[in-house]
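# Close look at the chain arrangement
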Amino acid sequence: MSDSIDLVALNSATKYPSIPTYHVLGERGALTEDATPFVGDVVLTEKIDGTNARIIQLPGGDWLIGSREELLAARGDRVTNPALGIVGALRTVAEGLSARDGINVFYLEVYGAKVGAAAKQYTGTGQVGYRLFDVATVPLEVLDRPVERISAWREGGGQSFLTEEALTVAAGVEGIALTPRLAVIAPGSLPTGVDGMSAWLDASWPRTQVELDDQAAGRAEGVVLRTTDRSVIAKARFEDYARTLKRRTRTARSG
């Protein structure tokens, strides 16, 4: 790997930005009735409960593998960080990626085995899986900025993400399965209230589509909502809605 790359800057510039919840989080993690506005078709995909990982392609063919927060391995490393089995799951993928210009970042969810408390929802026999959910490009010149400015640039939407169509093409070229595409709906079809959204999720997509074996418990984590150009993205998790409604019921009874 080129010694001219500032790894601290690269790590910051390629982290996955925070995704807001569909209903805005209020005090103590409770959802409010303020919903994220969408314009145009909304792509619904399954939100998998594993660990966020990334493969970073550099100009010239070098690559790195990272978790959400840190870099774990690079091309040519003999010793790598084994955290959460990310490198073991993705090394072959990284080695097989097609050559591209600039810095490209493939974001994947690694899940199953011992990856988090939800592992049993996906496997009962210790299997590990991964799914691609986004690809972004990062300008080389961004790495010359101070880390604080890079972080603000990233969280302010500085990374350029592929549209839904381009992401589907890239996944096909690389032979990497995407997170399940559940539906494409008009924004007017989305429930606007917390109660309605909770009921809609429970009725529509309560079970994961990425079980790794027939012993998986099978409960889904939630849904990611995104416009086809990815200009708007939000997440809706079963846990957030259940917690919010439970608190509302408890407050009503005590009142």
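The following paragraphs examine the structure supplied in this document. Just so you know, these numbers come straight off a predicted model, no measurement behind them.

## Some words on the sheet that holds strand β11 (residues 222-227)
- Here four strands make up an open sheet; going across it, the order is β10-β3-β11-β12 and the pairing antiparallel. Every other strand in the sheet has two partners, leaving β10 (181-185) and β12 (233-237) as the edge strands with one partner each. Strand-to-strand twist in this sheet, taken as the mean axis angle between neighbours without regard to direction, amounts to 25°.
- Strand contacts of helix α6 (residues 238-254): β11 and β12, with the helix running at about 60° to β12, the strand carrying the most contacts.

## Re the pairing of strand β3 (residues 42-47)
- Burial analysis of β3 places six of its six residues in the buried class, the great majority of the element.
- Both β3 and β10 contribute to a ladder of four bridges, which runs antiparallel. If you follow Leu44 over to β10, its bridge partner there is Ala183.
- When β3 meets β11, the two strands line up antiparallel, connected through six bridges. When the bridges of β11 are listed, Lys47 appears paired with Gly222.

## Notes on the pairing of strand β7 (residues 103-112)
- Among the 10 residues of β7, 10 are classified as buried, and the element is accordingly described as predominantly covered.
- Where strand β4 (residues 51-57) lies against β7, seven bridges are found, and the strand directions are antiparallel. What sits directly across from Asn52, in β7, is Glu109.
- Two strands pair when backbone bridges link them, and β7 and strand β8 (residues 128-138) are joined in this way by 10 bridges, in the antiparallel orientation. Note that in β8 the partner of Val105 across the bridge is Ala136.

## Thoughts on helix α5 (residues 194-204)
- Taken residue by residue, α5 has Val194, Met197, Ser198, Trp200 and Leu201 as its buried positions. Along α5, the residues classed as buried sweep out an arc of 165° about the axis, all on the same side.

## Description of helix α4 (residues 164-174)
- Along α4, the residues that are buried comprise Glu164, Leu167, Ala170, Ala171 and Glu174. Taken end-on, α4 shows its buried residues confined to a sector of 120°, consistent with a single buried face. In this structure, α4 carries Glu165, Val169, Gly172 and Val173 as exposed residues pointing more than 90 degrees from its buried face.
- Just downstream of α4, Gly175 is the residue with a positive phi angle, here 70°.

About the criteria used
Residues numbered from 1 in each chain as written. Predicted model: local features only at pLDDT ≥ 70, side-chain atom pairs only at ≥ 80, totals over all residues. Heavy atoms only, no water. Pairing = 2+ DSSP bridges. Helix = DSSP H or I, 4+ residues; strand = E, 2+ residues; numbered from the N terminus. Axes fitted to C-alpha atoms, helices over the stretch in contact; angles between N-to-C directions. Contact = heavy atoms within 4.5 Å. Buried < 20%, exposed > 50% of the residue type's maximum accessible area, 1.4 Å probe, protein only. Arc of directions from axis to C-beta.

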